[in-house]
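# Geometric and topological summary
Listed below are the residues making up each chain.
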Amino acid sequence: MKAIRRFTVRPVLPEPLRPLSDLARNLRWSWHAETRDLFQSVDPEAWTAAGADPVRILGRVRPARLAELAGDRRFLRRLTAVADDLDDYLTGDRWYQTQAGDLPAAVAYFSPEFGITAALPQYSGGLGILAGDHLKAASDLGVPLIGVGLLYRHGYFRQTLSRDGWQQEHYPVLDPNELPLSQLKEPDGGPAQLSLALPGGRALHARIWLAQVGRVPLLLLDSDVEENDLGERGVTDRLYGGGSEHRLLQEMLLGIGGVRAVRTYCRLTGHPEPEVFHTNEGHAGFLGLERIAELCADGSDFAAALEAVRGGTVFTTHTPVPAGIDRFDRELVARHFGADAELPGIEVDRVLRLGMETYPGGEPNLFNMAVMGLRLAQRANGVSLLHGQVSREMFAGLWPGFDAEEVPITSVTNGVHAPTWVAPEVLRLGARQVGPARAEDALSVGGSERWDSVAVIDDQEIWELRRTLREQLVLEVRERLRVSWRQRGAGNAELGWIDGVLDPDVLTIGFARRVPSYKRLTLMLRDRDRLMELLLHPERPLQIVVAGKAHPADDSGKRLVQELVRFADDPRVRHRIVFLPDYGMAMAQKLYPGCDVWLNNPLRPLEACGTSGMKAALNGCLNLSVLDGWWNEWFQPDFGWAIPTADGAGTDPDRRDDIEAAALYDLLEQRITPRFYERGRAGLPDRWIQMVRQTLTLLGPKVLAGRMVREYVERLYVPAAQAHRALTPEAARELAGWKARVRAAWPGVSVDHVETSATTVTAELGTTVGLRVRVGLGELTPDDVEVQAVSGRVDAEDRITDATVVPLKPAGTPDLEGRLLYEGPLALDRTGSYGYTVRILPTHPLLASSAEPGLVAMPSGEGVEGAGMLLR
C-alpha cells in the first residue's frame, strides 16, 4: 500500500546526547574523522545502512540504544571532546583572523551546484565539487564566506545501466527535512521567503534552506513551495534540466534571488554584509543586476551603480569552450525584465547590452551569461594557467585592440580539499610523522612548498599502505559491480565471476569523470587488441576502473558509456576492466586512494583544470595525463607521465586520437608497468615508491584548496573589497562620468608622429635609444591617458612577443596644433629581431587594469620613423 501523506519523524535525544544533533547538522563531519567515528560507534550497522549520514542514522537508531549511550560515560567523554573541538573550530581564530590589512568583512560566493557530501546530492561534477571544496577550505581558513545556491528536489540524477549497457537516469525525490538542512526563519517563526516578479503579473516564490559547512553558511533556494503554481514549483526541480526558459528562471532565482537571500540572512543573523560577490561561472551573473537595482533604489543612476557593483565583483570562468556557456535568445531575456516583470527600475535595453555578443565573431541576437559576468566584474579569472590563457583568447573580442595576453582575465589554479579526499589511512600515516594537529594544518591551511616529512617514511610502510588501499578498492568494486549487475537483470547464479574481479596485487588505473566527448572516455579502446594484451599480460598485467555520467540529453555521451560497458562485459577481460555506474562523491572517496595511476586524456586545451588527478595525487596515486589543465602547469617526470598530444592544425580528429592512443599504450607498456613490477633487493618496487614519495612531497602542497582560497583572498578578494570601499556613490558617479567623457572623446585621440634617436636599423645589445612621440588628445588631458612604449622580440609577421611596457612622460607644452610631445628611453635588452610600438590608453586611479575600458589608440603607418630594428 502507498502512503497518502509523508512525515519526517525526528528522534528525541536524551539530554546528555543533545550535542549529537548539533554535530549532525554541521557538515564539518563530512571531513572530520573523529566526528564520523563517533557517529559510527552509535550503531555501526545503522551507520552503514544510512550511507554514513549522521542525520539519517539519528533517525534510525533505536531508543533503547540511545538510552544505553546516554549512560555510557566513555561515549559521553568522546561526545564532549568532539563537541568542544567543533566549538573551538567555529569560534577560534584561524588563518584569516591573523592576517594584517583591511580584509573583506564578508564574501558572498554564488554557484549553481555544491558538492559538499554525498548526503547532500546537489552537484553534477567538477564545478560543484570545486565549489564545495572552496567553502570547506574557506571554513578551515576562517574566511567569512556565505555560499549561495539552489536546492534541487531531484538533485542531478542517479545512473544505472540497462542489460545492453545503455545509461538510464533516475530522479529520486529529496525531502529537505531528511537532509542536513534547516529552514531559515523570521523572528515570528515563519519561513524566510523571497519572490521574483514574472511576466503577466505572476511571481516566483522561494524559501531559504541553510546548510552549515563548518563556519560557512550555505543558503539554498527552493521554489517547491505552496505559494507557487505547478510550473514555478518545478523551477528548482533538477540540476541542469529543462529548456531555455527553465534554465533562465533558475539562473534569475540563483542570481537575483540569491542576493535577496543574502540580505535576508544578514538581517536575521547579524552576519556582516558582503563587500565582495564572487560569481562561480556565469549561471549566477544576474546577481550584478540585482545589486545595481539596489543602488538605483538608493538614488544612484545606472552608470554609477554599474561601476560600484563591478568594483566588488569577482567572476570565475570554468569553461574553455563557447558551447559550455549558457546563452539565451534576446527576446526571452527581454520578456523577463522591465516594467512587466523583474527589475522594473532598469531599462530592458541596459540589461540586454550587458550580455549581448556585440563583438566580432559574436552572435548579436544571443544573451551570453559569461559575457555578462565579465562585464559586471572588475576582476576575472580562469582556473589554471593554461585555462587563463585560453579564456583570454576566447573572450578577446570584448577588449578590441588588445593582444590576448593583455585581456584582464588572470588565473587561480584550482585546488582540492585534502581532509575530504585523503583516505584516513594516509592521514594516519602522516599524523604518525608530524602529529595530528600539524598533519591537519598541513592539509587544510597549507602554505609550505614541500612536505619533507614524507621523506622519512619507510619504503615498506608506503608500499603496504598502497596495497591496503588497493585491496579496499577491489572489495568496493566487487560490491558495486554486483549491485549494478542485479539492476541490469542478472540473477545471483550468474554472478559468481565477480568474486574474481580485480586483484589487489595488480597495477590499477582509474578513470572517472563526466562524459562529454572532449574527455574521450573511449580513447583507451582505440586499439582493443593492444589494450587486451596490456590487461592480460602474463607477467605485468594492469586493471582499469572506469566511472562517469553522461548528461541526460547527450546521446553521444551515452553511446560512449555503452561502448565502454560492452567492452568491459567481455568475459575475456571483465576481471580486468570494470565500469561502475552512478559516479559520485561516495564512490570517488574510495576510488582515488585505491588506484596506482590516474588517467586523464582530454582533447587539449579543453580541460579547464581537471581536479580529479589532484585528489588522486594526495593519496599517493601517480598521474598519467595529457598536458592540459593543472597537469600542464605542474607536471614533472618525478611524479607522473605526460601523454604526448597531436594537436597540430593539420591533424584531423580521428588521426589525432590514433596518435595519442598509441602514445598512451606505449607509455603503459614500456614505462609504467615495468616500473610498477620491477623489484629491488628488498623485494619492493623502489623506483615506483620513490615516485609516490615525490608526488606527496612536491605535488601535495600545491594542489590544496587552502592554497587556492588563500590566493583568492590575497589576489582577488582584498583588491575587490578595496575597490568596493573606494567606489562610494560620489566616486562611482565620477568614474562613470569620466568613462563616458573618455569614450565620447576617444575618436580625437591619435599617435601622430614617432621617432627614435637611433640612426640605423641595427644596434648593440644594452643600448638605450630615445623615443619622441607626438600625440593628439583632442578634448582629453594628459591626466586622462598614459602614453606607452611597447617593445620586445618580433615574429615573422612583426608581432611583438613577450612585451615590455614603459610609460612615456610629457615634455613641454602643446604645439600650435595642440599636439603634445612625450619622451622616454627604450632599452634594447634582448638580441635578435626586436621591435616596438607606441600606444595611448585611458588611465584612472579606480581602474583595475588599463585595458578595462577597452580603448586604445595606436600609430598609423604614416609618421613612424625607424619603427623596428635588428640587434646583434
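Residues numbered from 1 in each chain as written. Predicted model: local features only at pLDDT ≥ 70, side-chain atom pairs only at ≥ 80, totals over all residues. Heavy atoms only, no water.

### Describing the packing of aromatic side chains
Tallied over the full model, the rule gives 19 aromatic pairs. Here F676 and Y677 contribute two aromatic rings whose centre-to-centre distance is 4.9 Å and whose plane-to-plane angle is 80°, an arrangement assigned as edge-to-face. The cationic tip of R238 hangs over the ring face of Y171; the distance from NZ or CZ to the ring centre is 3.6 Å. Above the ring of W463, the side-chain terminus of R470 is found at 5.4 Å from the ring centroid. (Phe/Tyr/Trp six-rings, centres within 6.5 Å; stacked < 30°, edge-to-face > 60°. Lys NZ or Arg CZ within 6 Å of the ring centre and 35° of its normal.)

### A look at the sheet that holds strand 23 (residues 768-776)
The strand order 21-23-27-26 describes an open sheet built from four strands, whose pairing is antiparallel. Since the sheet does not close on itself, it has two edges, and those belong to strand 21 (750-756) and strand 26 (809-811), each with one partner. Taking the axes of each pair of neighbouring strands and ignoring which way they run, one obtains an average angle of 35° across the sheet. Bridge analysis of strand 26 against strand 27 (residues 820-827) gives three bridges, and the strand direction is antiparallel. (Pairing = 2+ DSSP bridges. Helix = DSSP H or I, 4+ residues; strand = E, 2+ residues; numbered from the N terminus. Axes fitted to C-alpha atoms, helices over the stretch in contact; angles between N-to-C directions.)

### Some remarks on the pattern of salt bridges
Applying the stated criterion across every chain yields a total of 62 salt bridges. Between R267 and E186 there is a salt bridge, with its nearest N and O atoms 3.0 Å apart. Taken as a pair, R267 in helix 9 (residues 244-269) and E186 in the loop between strand 5 (182-183) and strand 6 (193-198) lie far apart in primary sequence, 81 residues in all. Of the charged contacts, one joins R263 and E294 as a salt bridge, the two residues approaching to 2.8 Å between their closest N and O atoms. Taken together, the positions of R263 in helix 9 and E294 in helix 10 (residues 287-297) put the pair 31 residues apart, joining distant regions of the chain. One salt-bridge network, held together by shared partners, links R520, R526, D654, R656, D657, D658 and E660. (Salt bridge = Lys/Arg side-chain N within 4 Å of Asp/Glu carboxyl O.)

### A short note on the packing of helix 20 (residues 528-535) against helix 25 (residues 653-677)
In the contact formed by helix 20 and helix 25, the axes pass within 11 Å of each other and the chain directions differ by 15°. The orientation of helix 20 relative to helix 25 falls into the category roughly parallel. Judged by the sense of rotation from one axis to the other, the crossing of helix 20 with helix 25 is left-handed. Residues R530, L531 and L534 of helix 20 touch helix 25, and the partners they reach there are A662, Y665, D666, L668 and E669. Grouping the constituent residues of the contact of helix 20 with helix 25 by class yields five nonpolar, no polar and three charged. (Parallel < 35°, antiparallel > 145°, perpendicular 65-115°, else oblique. Left-handed = near helix turned anticlockwise from the far one by under 90°. Contact = heavy atoms within 4.5 Å. Nonpolar A, V, L, I, M, F, W, Y, C, P; charged D, E, K, R; others polar.)

### A word on the nonpolar core
Core analysis: the biggest nonpolar cluster contains 105 residues, and M524, I544, L624, W641, I672 and W688 have the highest contact counts within it. The contact partners of W688, leaving out residues within four places of it in the chain, are W463, L507, D596, V597, L622, W641, I672, R675 and F676. Judged by nonpolar contacts, the second largest core, of 59 residues, contains F157, Y240, V259 and A293. (Core = buried A, V, L, I, M, F, W, Y, C linked by side-chain atoms within 4.5 Å. Buried < 20%, exposed > 50% of the residue type's maximum accessible area, 1.4 Å probe, protein only.)

### Focus: the sheet that holds strand 18 (residues 597-600)
Sheets are built from strands that pair by backbone hydrogen bonding, the pairs being arranged parallel or antiparallel. Sheet architecture is open: six strands sit in the order 17-16-15-18-19-20, paired in parallel fashion. This sheet does not close on itself; its edge strands, each paired only once, are strand 17 (577-580) and strand 20 (640-643). Neighbouring strand axes in the sheet, compared pairwise and without regard to direction, differ in orientation by 20° on average. Two strands pair when backbone bridges link them, and strand 15 (residues 507-512) and strand 16 (residues 542-547) are joined in this way by six bridges, in the parallel orientation. Among the inter-strand pairings, L507 is bridged to a residue of strand 16, identified as L542. The sheet contacts of helix 25 involve strand 15, strand 16, strand 18, strand 19 (622-626) and strand 20, and relative to strand 20 the element is tilted by about 165°.

### As for the pairing of strand 27
In this structure, strand 23 lies alongside strand 27, joined through eight bridges in antiparallel fashion. Counted as the bridge partner of L771 is G824 from strand 27.

### What to know about the pairing of strand 13 (residues 379-382)
On strand 13, burial covers both faces: R379 and N381 on one face and A380 and G382 on the other are all buried. Pairing of strand 10 (residues 313-316) with strand 13, which is carried by three bridges, proceeds in the parallel orientation. Its bridge partner being in strand 13, F315 is matched across the sheet by A380. As paired strands, strand 13 and strand 14 (residues 410-411) are joined by two bridges and run parallel to one another. Following the sheet pairing, N381 is matched in strand 14 by T410. For the handedness criterion, the β-α-β arrangement of strand 13, helix 15 (residues 385-394) and strand 14 is classed as right-handed. (Right-handed = clockwise from strand over helix to strand, strands pointing away.)

### Quick word on the environment of P701
Relative to the helices and strands, P701 is located in the loop between helix 26 (686-699) and helix 27 (705-726). By relative accessible area, which is 6% here, P701 ends up buried. In this structure, the C-alpha to C-alpha distance between P701 and A442, residues 259 residues apart in sequence, is 7.9 Å. Setting aside anything within four residues of it in sequence, one finds P701 in contact with S448, E449, R450, W451, L696 and R707.

### Looking at helix 19 (residues 459-487)
The first and last C-alpha atoms of helix 19 sit 42 Å apart over 29 residues, in line with the 42 Å expected at 1.5 Å per residue. Here helix 19 starts with a cap whose side-chain oxygen sits 2.9 Å from the backbone nitrogen of Q460, and that cap is D458. Looking at the residues trailing helix 19, positive phi occurs at G489, about 105°. (Expected span 1.5 Å × (residues − 1). Polar contact = N/O pair within 3.5 Å; in protein donor to acceptor, adjacent residues only side chain to side chain.)

### A few points about a positive patch on the surface
Together, R73, R74, R77 and R78 line one region of the surface with positive charge. Take R74: it is sitting in helix 6 (residues 73-91). (Patch = residues over 30% accessible without salt bridge, like charges linked within 9 Å, V, L, I, M, F, W, Y side chains within 5 Å. Areas by Shrake-Rupley, 256 points an atom, 1.4 Å probe, with all protein chains shown as cover. Lys, Arg positive; Asp, Glu negative; His and termini not counted. Charge placed at Lys NZ, Arg CZ, Asp CG, Glu CD.)

### Side note on unusual backbone geometry
Residue P605 is reached from R604 by a cis peptide bond, and omega for that bond is 5°. The residue P605 is located in the loop between strand 18 and helix 23 (612-617) in this model. One non-glycine residue, E281, lies in positive phi territory at about 75°. Its location among the elements puts E281 in the loop between strand 9 (276-280) and helix 10.

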